[in-house]
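# Examination of the molecular architecture
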Amino acid sequence: MDNVTPVAMTSCGLRADDDRFIPGLSRLADAVKLNGAVAGMQIAHPGRDAGFVGSEDVVAASPVTYEPWYQHGAKLPRALTIDEIHSLVEKFGDAALRCKKAGFQILEIHGAAGCLPTNFLSPHDNQRTDMYGGSLHNRMRFLLEIIQNIKQKCGTNFPVGVKLSTEDWEPAGITLDETIQVAKALEKAGCSHINLICGTHATSDREFLMPNEFNNKETKAIQDAVSIPCFAGHNIFTPTEAEDALEKGAGDFVALGRSQLADPMWAKKAQEGHPEDIVPCINCLVGCLDRGLLSNNVIHCAVNPSLYHFENDDHTKAKEAKKVAVVGAGPGGCEAALVAAQRGHKVTLYEKRALGSAIIEAAVPDNKRNINNLIKYYHHEIAHNKNITVIDETATVDKIKADNFDACVVTIGGKERNLKINGAKNGASIISAMDYLNGSQKANGQNIVVIGGGITGAETALELNKSGKNVTIVEVTDHFLSHQATSSSSRAYAYAISKTNIKVLTGLRPTSLTDKKLTLVDRFGNQKMIPADMLISAAGFISQHELYDRLTEETNMQVFNVGDSKYVRQIYDAIHEGYIAAKQL
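The present account deals with the structure reproduced in this document.

Conventions used here
- Residues numbered from 1 in each chain as written.
- Predicted model: local features only at pLDDT ≥ 70, side-chain atom pairs only at ≥ 80, totals over all residues.
- Heavy atoms only, no water.
- Helix = DSSP H or I, 4+ residues; strand = E, 2+ residues; numbered from the N terminus.
- Rg over C-alpha atoms; globule rule 2.2 N^0.38 Å.
- Buried < 20%, exposed > 50% of the residue type's maximum accessible area, 1.4 Å probe, protein only.
- Contact = heavy atoms within 4.5 Å.
- Areas by Shrake-Rupley, 256 points an atom, 1.4 Å probe, with all protein chains shown as cover.
- Lys, Arg positive; Asp, Glu negative; His and termini not counted.
- Charge placed at Lys NZ, Arg CZ, Asp CG, Glu CD.
- Polar contact = N/O pair within 3.5 Å; in protein donor to acceptor, adjacent residues only side chain to side chain.
- Expected span 1.5 Å × (residues − 1).
- Pairing = 2+ DSSP bridges.
- Axes fitted to C-alpha atoms, helices over the stretch in contact; angles between N-to-C directions.

Our focus in this paragraph is the overall build of the protein chain. The secondary structure content of the protein chain amounts to 21 helices and 23 strands. Relative to the globule expectation of 25 Å for 585 residues, the C-alpha radius of gyration of the protein chain, 26 Å, shows essentially globular dimensions. Expressed as a percentage of its 585 residues, the buried residues of the protein chain come to 54%. Put simply, 68% of the contacts in the protein chain that link residues at least 6 apart link residues at least 24 apart. Surface accessibility of the protein chain: about 25,800 Å² in total, with carbon and sulfur atoms responsible for 51%. For the protein chain, the centre of its 60 positive side-chain charges and the centre of its 68 negative side-chain charges are spaced 2 Å apart.

Right, let's talk about the side chain of Asn-149 for a bit. Relative to the helices and strands, Asn-149 is located in helix 6 (residues 141-154). Overall, Asn-149 belongs to the buried group, its relative accessible area being 4%. In terms of polar contacts, Asn-149 uses its side chain to reach the side chain of Glu-90, at 3.2 Å. Those residues in contact with Asn-149 that lie beyond four places of it in its chain are Val-89, Glu-90 and Gly-93.

Let us now look at the environment of Ile-278. Looking at the secondary structure, you find Ile-278 in the loop between helix 11 (266-271) and helix 12 (286-290). For Ile-278, a relative accessible area of 6% puts it in the buried group. Ile-278 sits 52 residues away from Gly-330 along the chain, and the two C-alpha atoms are 18 Å apart. Non-local contacts of Ile-278, meaning those with residues more than four positions away in its chain, are made with Pro-239, Asp-263, Trp-266, Lys-269, Ala-270 and Tyr-377.

Here we take up helix 7 (residues 176-188). Turn by turn, an α-helix covers 3.6 residues, leaving residues three or four places apart pointing in a common direction. With 13 residues, helix 7 ought to run about 18 Å at 1.5 Å a step, and its terminal C-alpha atoms sit 19 Å apart, in line with that. What helix 7 keeps buried is the set Leu-176, Thr-179, Ile-180, Val-182, Ala-183, Ala-185 and Leu-186. Buried residues along helix 7 sit against helix 4 (116-121), helix 5 (136-139), helix 6, strand 5 (160-165), strand 6 (194-197) and helix 8 (216-223). Within two residues after helix 7, Gly-190 carries a phi angle of roughly 100°, on the positive side.

Once that is clear, we can look at the pairing of strand 19 (residues 517-521). Counting buried residues along strand 19, four of its five residues qualify, which places the element largely inside the surrounding structure. Note that strand 18 (residues 509-514) and strand 19 share five bridges and pair antiparallel. Residue pairing across strands places Leu-513 opposite Leu-518, the latter belonging to strand 19. Linking two consecutive strands that pair antiparallel, namely strand 18 and strand 19, is a turn of two residues; a positive phi of about 50° is found at Asp-515 within it.

Strand order in the open sheet formed by five strands is 14-21-15-16-17, and the pairing between neighbours is parallel. This sheet does not close on itself; its edge strands, each paired only once, are strand 14 (430-432) and strand 17 (503-506). Here the strands of the sheet are splayed against their neighbours by 25° on average, with no regard to which way each runs. Here strand 15 (residues 447-451) runs beside strand 16 (residues 470-475); their pairing, made up of five bridges, is parallel. Residue pairing in the sheet places Asn-447 in a bridge with Asn-470 of strand 16. Relative to strand 16, helix 18 (residues 455-466) is tilted by about 170°, and along the sheet it contacts strand 15, strand 16 and strand 21 (534-537).

These figures come from the coordinates and say nothing about function on their own.
Printed below as a string of structure tokens:
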């Protein structure tokens, strides 16, 4: 996102800001064209967004940034001078010409998601009183001048499109009505296409809460207002959803981003009629945003451990086929089993419950239903792999030893932390969040108290709230959803809960339940009583080392401890560790 001009401390993308980069860019363009595709390049400047990754010089239309970012220490941008604006317009044009010389056949200007053009388009971010601020006509001037400059340097027939946010989800920010007007002006200026998303990098966590295809209505409104092609994007993950968007007239094309990170062969598999083989994006935002873009790091993907590791060949056959036990068919176990089998090992996968294990409950909230696609993918791939045998039973140390395995991957997950509260009876007045989410236990009564203010507690509380319950979350620490600074899902759930009547109490420990009253105590011994018809424990998970420890001590086989059984983290970690373990066999 920095290929127009290098931005200190943030430049990590393809560069087109100097002629010395043309040879390298030409190799990329040639490779794309030789494989039958059209070579396109997106050119961009991060604008105010350089602030959230610590850039030394942050520039924008005005010294305004997203309020939560500023509260977390993001540097305030300085307002560009008129001369600097003119210089940047020239730099966009120069970068475009270099891309054309390198052999790229189409360009796109990143005018969405908080990048520099949106800092001008936004009535909130743009507080200028000169020719680049105030009216929408003035606020779109910078973007239109970039288009004009590129056309002058690359030729009027060279296709140049723009990526826009239909809305930016920021207070007093970009609206759909204004974006429609911008789209019309871009068409008049000679734009070849408009690529449509929603939100900004600052509000990207909101995507975690949104249903699939949520942007279709907005993109259709823009498509109906212009005659140039529009690309529909955002939360379109499957070929069925892509076809649906096209049939509804949401766009002339569908633009895929994260879906192709999850599976770079998405389009080929869809074209060949094998959608069941597509590794699905689960919309977790962990690898691409939390540990990627928003951390000033390279892009990762939770479900694709090999992303950008071009030196790795997932299907390289092992020198020696081994007999491998994989214990537990959560995401880490399924990934380990598949990769090991693809490498020629004979795999026995033990799972007493069902493929997916704990992520079955994780997929219950509506906003996380895409996890079901991952479970279905693992089901299909494992069922059709002749090197994998699934055993519907619990694997013990003695069984694994008796079956003479060469290696064992332990992926049994974590176990729920048990709460001991005086007067609370298991199954009667207190149940686990996992049992509530999977439907094996019901929350009886109207006043429900969720013990635990992490992700599981927040999800459980929101599900209860949807069913009409009065919900209170109790967290023993001083911080509810304590990872909001680094976790998109935490920020999203905090936002969602702020829009409900769910009560959140922090710094309190539950001690006893009497006559449907829960007693809470703070660190100073002060007591507080709240109504509680039932308690739901969402106090987190603890790792399980016993099986791994015993196999390590009592056998000579290779033993790997993967995912939450090692220590409790996220789906990302389980899948990546399962992949790495299988590569080491």
